[in-house]
Amino acid sequence: MTVLVVGGGGREHALVWKLAQSPRLKRLICAPGNAGTASLAENIPVAASDLAGIVDLAVREEADFVVVGPDDPLAAGLVDRLQAVGVRAFGPTASAARLESSKSFAKDFMRRHGIPTARAEKFTDFSAACTHARNQSYPLVIKADGLALGKGVTIAADYPAAEHALEEALVQGAFGEAGRIVVIEEFLSGCEASIHALVDGKSWLMFPDARDHKRALDGDLGPNTGGMGTLSPSGRVDDALRRRIESDILAPFLRGLQADGLAYRGMIFPGLMLTAEGPKVLEFNARFGDPETQVLLPRLKTDLFDLLEAAAEGRLDAERPEWDSRAACCVVMASGGYPGSYRTGFTVTGCGEAEAGGALVFHAGTRLEEGRTVTSGGRVLGVTAMGRDAAEAVGAAYAGVRRIGFENAAWRNDIGAPEPA
Ligand code: AMP
Ligand code: GLY
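First, a word on what this report is: a plain description of the structure on this page. (Residues numbered from 1 in each chain as written. Chains lettered and ligands numbered in written order. Predicted model: local features only at pLDDT ≥ 70, side-chain atom pairs only at ≥ 80, totals over all residues. Heavy atoms only, no water.)

Close to ligand 2 lie D212, G226, F269, R287, G289, D290, P291 and E292, which account for all nearby residues. Within the contact set of ligand 2, an oxygen atom lies 2.8 Å away from a side-chain nitrogen or oxygen of R287. Protein contacts shield 91% of the accessible area of ligand 2, which totals 200 Å² for the unbound molecule. Split by residue class, the shell around ligand 2 holds two nonpolar, two polar and four charged. (Near = heavy atom within 4 Å. Polar contact = N/O pair within 3.5 Å; in protein donor to acceptor, adjacent residues only side chain to side chain. Areas by Shrake-Rupley, 256 points an atom, 1.4 Å probe, with all protein chains shown as cover. Nonpolar A, V, L, I, M, F, W, Y, C, P; charged D, E, K, R; others polar.)

Okay, here's the thing in structure tokens:
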């Protein structure tokens with residue numbers, strides 16, 4: 001079996017790491033990959049955004065199965081194009097990926113199918129949006145409709161802040177096409193949790209839960225990022241809540257896909273707010289989370305390829321994956337300045353030492369230069385470790401972080417910290 005993984009971030013390194021353990025794989029290709037995937041797969045320099053290039057690569061290299069990591073190529077229709085040339089692929093078609101790429105589409109879907117979420121209205125007109133915002137209670141949440149790298153969400157404390165966010169999106173076009181429509185929604189309070197479930201159009205298979213840390217700085221301060229670290233299990237979802245998430249969110253989600261005729265064979269990752277009234281969906285992601293994948297896959301004992309293939313072929317109901325009961329923690333080491341501007345090209349040292357100490361070092365923004373690993377992006381590494389409980393996993397992940405160095409490295413010191421009492 002030849003498998004092609006599309007993408008070059010930490011999530012893709014974790015996917016490649018786990019897929020490489022499958023005895024069913026003869027060859028593993030990653031496009032474009034990073035310095036970490038290079039040691040487990042053949043990196044081929046085709047960008048994930050180059051859909052024609054990826055389809056050509058899959059055909060040329062006779063890939064039997066393609067795993068699409070990031071959201072953009074899914075939204076742009078990579079799975080549709082692979083299927084059109086007869087290549088099996090893991091991920092939703094473009095029309096189903098709109099559940100992530102259009103927040104207003106996702107809101108309409110949730111409303112139609114009775115999935116609990118924040119009350120919301122969509123707007124394209126600035127003055128109509130302002131009139132609505134004036135009559136709401138605060139804080140109020142303003143979201144750009146499309147994909148905006150996690151930067152399209154503003155929690156407005158008062159009306160002037162809401163008006164400013166609306167003006168940026170609808171008048172100044174700060175998010176381009178992604179912000180031509182805005183969703184104004186009710187603020188939900190509670191703790192967040194990341195839920196992952198494989199879906200094959202007929203059934204779902206829920207993974208363990210995880211907790212992301214989206215803000216750049218300790219204490220949940222600073223701007224939103226793609227995610228600065230994760231812990232699994234989150235400590236926030238007990239068995240009763242898992243059953244409720246299945247009955248209130250995943251079951252109506254599947255019924256909704258069927259009712260709307262959406263072809264979805266891939267991963268659904270709802271970001272949840274655990275409110276006093278029960279779990280509510282903040283957003284749908286149509287892919288594996290990053291850095292959630294870096295803590296979920298080390299806990300998976302079953303062959304990942306078997307599971308992804310079963311999802312793509314509609315056979316999930318027969319799968320019974322096994323999970324490691326230990327906890328996993330991932331601490332992201334980023335380039336100082338991320339998610340704003342930052343410099344790259346710095347040599348990374350100590351990954352071998354961290355791994356010798358028991359950590360798994362998943363690369364994200366790295367590349368190989370004359371045999372050295374150098375930084376090439378905002379999120380550089382995801383240092384992951386397991387432990388008998390959360391505290392042990394967190395301690396082991398930070399022990400790994402302390403062995404690694406590169407100029408201007410930045411990370412949070414409170415990933416997986418116990419919940420405030
Ligand atoms: P999203 O991209 O929609 O998941 O939003 C990014 C982050 O903004 C979420 O992880 C939450 O921390 C926050 N957020 C989004 N929607 C809401 C809401 N309705 N109430 C409170 N916080 C929210
Ligand atoms: N870590 C959040 C995401 O992947 O969207």
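In terms of nonpolar packing, the biggest core is built from 50 residues, with L4, V66, F253, Y264 and F284 touching the most fellow members. In terms of residue count, helix α9 (residues 239–260) provides more of this core than any other element does, seven residues in total. The contact partners of V66, leaving out residues within four places of it in the chain, are L4, V6, A58, L82, V87, R88, A89 and F90. (Core = buried A, V, L, I, M, F, W, Y, C linked by side-chain atoms within 4.5 Å. Buried < 20%, exposed > 50% of the residue type's maximum accessible area, 1.4 Å probe, protein only. Helix = DSSP H or I, 4+ residues; strand = E, 2+ residues; numbered from the N terminus. Contact = heavy atoms within 4.5 Å.)

Attention now moves to the site of ligand 1. The environment of ligand 1 is formed by 15 residues, the closest being K143, E185, L188, E192 and E283. Within the side chain of K103, a nitrogen or oxygen atom sits 3.2 Å from an oxygen atom of ligand 1. Between a nitrogen atom of ligand 1 and a main-chain N or O atom of E186, the distance comes to 2.9 Å. In the complex, the protein chains occlude 91% of the 470 Å² of accessible area that ligand 1 would expose alone. When contributions to the shell around ligand 1 are tallied by element, the ones reaching two or more residues are β7 (140–144), β8 (153–156), β9 (182–186) and β18 (278–285).

Right, let's talk about the packing of helix α6 (residues 103–113) against α9 for a bit. Two elements in contact, α6 and α9, have axes whose closest approach is 10 Å; the angle formed by their N-to-C orientations is 105°. On the basis of their axis angle, the class for α6 and α9 is roughly perpendicular. Residues F109, R112 and H113 of α6 touch α9, and the partners they reach there are P252, F253, G256, L257, A259 and D260. For the contact of α6 with α9, the class distribution of residues is five nonpolar, two polar and two charged. (Axes fitted to C-alpha atoms, helices over the stretch in contact; angles between N-to-C directions. Parallel < 35°, antiparallel > 145°, perpendicular 65-115°, else oblique.)

With that settled, the discussion passes to helix α11 (residues 304–313). For α11, the tally of buried residues reaches eight of ten residues, placing the bulk of the element in the interior. Residues L304, F305, L307, L308, E309, A310, A311 and A312 constitute the buried set of α11. Looking at the buried residues of α11, the elements they touch are β1 (2–7), α1 (10–19), β4 (65–68), β5 (88–90), β11 (197–199) and β12 (204–206). At the N-terminal boundary of α11, the capping side chain belongs to D303, with an oxygen 2.8 Å from the backbone nitrogen of F305. Looking one or two residues past α11, G314 carries a phi angle of roughly 75°, positive in sign.

Right, let's talk about the sheet that holds β9 for a bit. If you trace the four strands from one edge of the open sheet to the other, you get β6-β9-β7-β8, paired in antiparallel fashion. Because the sheet does not close on itself, it has two edges, and the strands there are β6 (120–123) and β8. Sheet twist, expressed as the average angle between the axes of neighbouring strands with direction ignored, equals 20°. Two elements, β7 and β8, share four bridges in a ladder whose sense is antiparallel. Bridge pairing links L140 to A156 in β8. (Pairing = 2+ DSSP bridges.)

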